[in-house]
Amino acid sequence: STSKKSHIPAGSDHLEIRCKVGEPAPIDQDSTDTKWTVMSSKAIVTMDFTPANVGKKAYLYFRWVDSKHPQRNGAFTAMMAITIS
């Protein structure tokens, strides 16, 4: 089914975000260059980048997670790049 508001899909209980700020871009989501891993029980997440990061790129990967049955975790998205402003 669909919903007009953001939600974590049935069968998952968290959104996992892996993020790296600054160059060079990470090779993949498992790269040691990926500095942060955030687990959120909400589908909408606000990340607090400090003023020192303004103008830098943030590289992000996302996936849905079932914390009770990790073998059911979803695949990571392709890398997304944003410029922090």
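Keep in mind that what you see is a predicted model, and the values were worked out from it rather than measured. (Residues numbered from 1 in each chain as written. Predicted model: local features only at pLDDT ≥ 70, side-chain atom pairs only at ≥ 80, totals over all residues. Heavy atoms only, no water.)

## Some details on the sheet that holds strand β3 (residues 57-65)
- Strand order across the open sheet formed by four strands is β2-β1-β3-β4, with antiparallel pairing between neighbours. Looking at strand neighbours, the two that pair on one side only are β2 (36-40) and β4 (80-83), the edges of this open sheet. The average undirected angle you get between the axes of adjacent strands in this sheet is 30°. (Pairing = 2+ DSSP bridges. Helix = DSSP H or I, 4+ residues; strand = E, 2+ residues; numbered from the N terminus. Axes fitted to C-alpha atoms, helices over the stretch in contact; angles between N-to-C directions.)

## Some details on the nonpolar core
- Among the nonpolar cores identified, the biggest contains seven residues, and these are Leu15, Ile17, Cys19, Phe49, Ala58, Leu60 and Ile84.
- Contributions of two or more residues to this core are made by β1 (14-21) and β3.
- No other element matches the three residues that β1 contributes to this core.
- Here Ala58 is in contact with Cys19, Lys20, Val21, Phe49, Met80, Ala81, Ile82 and Ile84, once residues within four sequence places are set aside. (Core = buried A, V, L, I, M, F, W, Y, C linked by side-chain atoms within 4.5 Å. Buried < 20%, exposed > 50% of the residue type's maximum accessible area, 1.4 Å probe, protein only. Contact = heavy atoms within 4.5 Å.)

## Topic: the packing of aromatic side chains
- One pass over the full model with this rule turns up two aromatic pairs.
- Seen in terms of ring centroids, Trp36 and Phe49 are 5.4 Å apart; in terms of plane orientation they differ by 20°. Their pairing is stacked. One end of the pair, Trp36, is in strand β2; the other, Phe49, is in the loop between β2 and β3, and 13 residues separate them in sequence.
- Classification of Trp36 as partly exposed rests on a relative accessible area of 33%.
- Judged by its relative accessible area of 18%, Phe49 is buried.
- A centroid spacing of 6.5 Å and a plane angle of 85° characterise the contact between Tyr61 and Phe76, whose relative ring orientation is edge-to-face. Residue Tyr61 is located in strand β3, and its partner Phe76 is located in the loop between β3 and β4; the two are separated by 15 residues in the primary sequence. (Phe/Tyr/Trp six-rings, centres within 6.5 Å; stacked < 30°, edge-to-face > 60°.)

## Focus: the side chain of Glu16
- Assignment of secondary structure puts Glu16 in strand β1.
- Look at Glu16 and you get buried, because its relative accessible area is 5%.
- Looking at Glu16, its side chain comes within polar contact range of the side chain of Arg18, at 2.9 Å.
- At a separation of 2.8 Å, a polar atom in the side chain of Glu16 contacts the side chain of Arg63. (Polar contact = N/O pair within 3.5 Å; in protein donor to acceptor, adjacent residues only side chain to side chain.)

## Things to note about the environment of Asp28
- Checked against the element boundaries, Asp28 lands in the loop between β1 and β2.
- Of the residues examined, Asp28 reaches a relative accessible area of 31% and is grouped as partly exposed.
- Spatially, the C-alpha atom of Asp28 lies 9.9 Å from that of Tyr59, the residues being 31 residues apart in sequence.
- The residues contacting Asp28, other than those within four sequence positions of it, are Thr34 and Tyr61.
- Among the polar contacts made by the side chain of Asp28, one reaches the main-chain amide nitrogen of Asp30 at a distance of 2.9 Å.
- At 2.9 Å, the side chain of Asp28 forms a polar contact with the backbone nitrogen of Ser31.

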